[in-house]
Amino acid sequence: MSGASVAMTILALKPAPARHSMRWEDFIMTDDSFTDPATIAASMIGISDAETGDVAPHVKPATTYEYGKGYSYYRGTAPGLEDTERVLARLEGGEAAMVFASGMAAATSLLVSLGSDTHVVAPETMYWFLRNWMIKDAPAFGLSVTLYKNGDLDSIRNAIEPGKTKAVWVETPANPDWSITDIAAAAEIAHAARAKLFIDSTTSPPVITRPLELGADVVMHSATKFLNGHSDVLAGALITKEKNDLWECVNHARAGFGGTLGAFESWLLLRGMRTLDVRMQRHSENAMRVAEAMLSNPAVSHVLYPGLSDHPGHEIAAKQMKGFGGMMSIRLKGGADAAARAVLRTKLFRNATSLGGTESLIEHRGPVEGPDSPTPQDLLRLSVGLENAADLIADLEQALGQ
Ligand SMILES: *Cc1c(COP(=O)(O)O)cnc(C)c1O
């Protein structure tokens, strides 16, 4: 047989392509039969290679692409970023998502995209670094901010300047007192003033809260935290309800500032998100058990956790959250000194900043946030991880004991 006819025979014997070997991009974009975030996270990010049927996504590190295939240079957008963005958009129920080199890159790109001579309103208590950026750095970009009282809808109304305010920023639960804002009510207030509603949903990933369904326009995540979940990626994400002019500006800002996420980080983020639902369930269960144990600890004056029925935002949290998440704070009767001592005595809770990883972290937050911070000096912030809950409680009890 000639070489050509051997090849033809082999081709003829080749089985028809299996049904599952469709392009993953087509699968995830077109199959709407499964909408639950747990299913999307665990499974829809599985099919990535039309030829081989790989069930896990690939790292796609190329920084430039032959013309004619829809891509040009990585900083604008890249295939590996789009994999992650499709999953995020599906998880939040939005039209599109964009990933960034950090949560700060995501938040600031969104805010500067509102244009210059812009006013936004934001909570008094929120992620301190972004709050400081809004107050101190944003004016240089033509953006001014008025702060409202967390969880107080009248205070949001009063902070809005009709005709000038372009966005209401909400973080719920908010760092580090975990106060709750009613997203649906805030959406009504913002929209009545023709302003957008932006939600920092870092501590409430989409298996817990889906802000776009409640009326928000854009959701922001520090994907460094629960979305990735393993304390080994710095990343940010925005998910928009609709691809509109603002979204175009954000796209432009990402490329212009160069805040695009790296290829390996994008892949790690996808990998981390596969276990999002089980992780969040365990975070919520453990945090609830730690919170209940802390209520009866003699060294503790306040337990701040939205899952507790005496938390001021509990009812709204129960309405808009599925589980109450892994973040809580405690305040100590012994004041700042007792707080400073306790973080040196825990063994399982590591004394470090950040949150949302598998390991539990404890931080004396006031001194970290500096003199302008509204955070009480007796407050300890806990990121409750996935360890055995009894071990976590025992560790805190020994650290808070005499
Ligand atoms: C960490 C964090 C941010 C900032 O995200 P980075 O990824 O650290 O840039 C924003 N908001 C909240 C609530 C955070 O916890």
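Anyway, here's the lowdown on the structure attached to this text. (Residues numbered from 1 in each chain as written. Predicted model: local features only at pLDDT ≥ 70, side-chain atom pairs only at ≥ 80, totals over all residues. Heavy atoms only, no water.)

### Things to note about the pairing of strand β2 (residues 118–123)
Every regular strand shows the same layout, with side chains that alternate between the two sheet faces. Our working rule: Throughout, exposure labels follow a simple rule: accessible area from a 1.4 Å probe, protein chains only, divided by the maximum for the residue type, with under 20% read as buried, over 50% as exposed, and the rest as partly exposed. Numbering goes from the N terminus for both helices and strands, where a helix is a DSSP run of H or I of at least four residues and a strand is a run of E of at least two. Following DSSP output, two strands are said to pair if at least two bridges run between them. By definition, the crossover connecting two strands over a helix is right-handed if that path, from the first strand to the second, turns clockwise as seen with the strands pointing away from the viewer.
Buried residues dominate β2, accounting for six of its six residues. Bridge count between β2 and strand β3 (residues 143–148): six bridges; the pairing is parallel. Across the sheet, Val121 pairs through a bridge with Thr146, a residue of β3. Following the chain from β2 across helix α6 (residues 128–137) to the adjacent parallel β3, one finds a crossover that is right-handed.

### Remarks on the pattern of salt bridges
Which entries qualify depends on this criterion: One speaks of a salt bridge when a side-chain nitrogen belonging to Lys or Arg is within 4 Å of a carboxyl oxygen belonging to Asp or Glu.
With the rule as written, the count across this model stands at 12 salt bridges. In this structure, Arg157 engages Asp154 in a salt bridge whose closest nitrogen and oxygen atoms are separated by 2.6 Å. Here Asp154 and Arg157 lie together in helix α7 (residues 153–159), a separation of three residues that amounts to about one turn. Residue Asp154 is classed as partly exposed on the basis of its relative accessible area, which comes to 46%. Its salt-bridge partner being Arg331, residue Asp378 comes within 2.8 Å of it at the nearest N-O pair. Here Asp378 is found in the loop between α14 (365–369) and β12 (379–383), whereas its partner Arg331 is found in strand β9 (residues 327–332), with 47 residues between them in sequence. Each of the salt bridges in this network shares a partner with another, and the network as a whole consists of Lys60, Glu82, Asp83 and Arg86.

### What about the side chain of Ser204?
Note the following rule: Should any heavy atoms of two residues lie within 4.5 Å, those residues are considered in contact.
Secondary-structure assignment places Ser204 in the loop between β5 (196–200) and β6 (218–222). Residue Ser204 is classed as buried on the basis of its relative accessible area, which comes to 1%. Here Ser204 is in contact with Thr172, Pro173, Thr209, His221 and Met321, once residues within four sequence places are set aside.

### Looking at the packing of aromatic side chains
Note the following rule: Only rings of Phe, Tyr and Trp enter the pairing, Trp through its six-membered ring, and a pair is recorded when the two centres are within 6.5 Å. The plane angle decides the type: under 30 degrees is stacked, over 60 is edge-to-face, the rest tilted. The rule is short: NZ of Lys or CZ of Arg within 6 Å of the ring centre and within 35 degrees of the ring normal puts a charge over the ring.
Within this structure, the stated rule accounts for five aromatic pairs. Taking the centre distance of 6.5 Å and the plane angle of 75° together, the rings of Tyr305 and Phe324 count as edge-to-face. Here Tyr305 is found in the loop between β8 (300–304) and α12 (314–320), whereas its partner Phe324 is found in the loop between α12 and β9, with 19 residues between them in sequence. Judged by relative accessible area, which is 0%, Tyr305 ranks as buried. We classify Phe324 as buried; its relative accessible area is 18%. If you follow Lys225 out to its NZ or CZ, it ends over the ring of Tyr127, 5.3 Å from the centre. Over the face of the ring belonging to Phe100 we find Arg254, whose NZ or CZ atom lies 5.8 Å from the ring centre.

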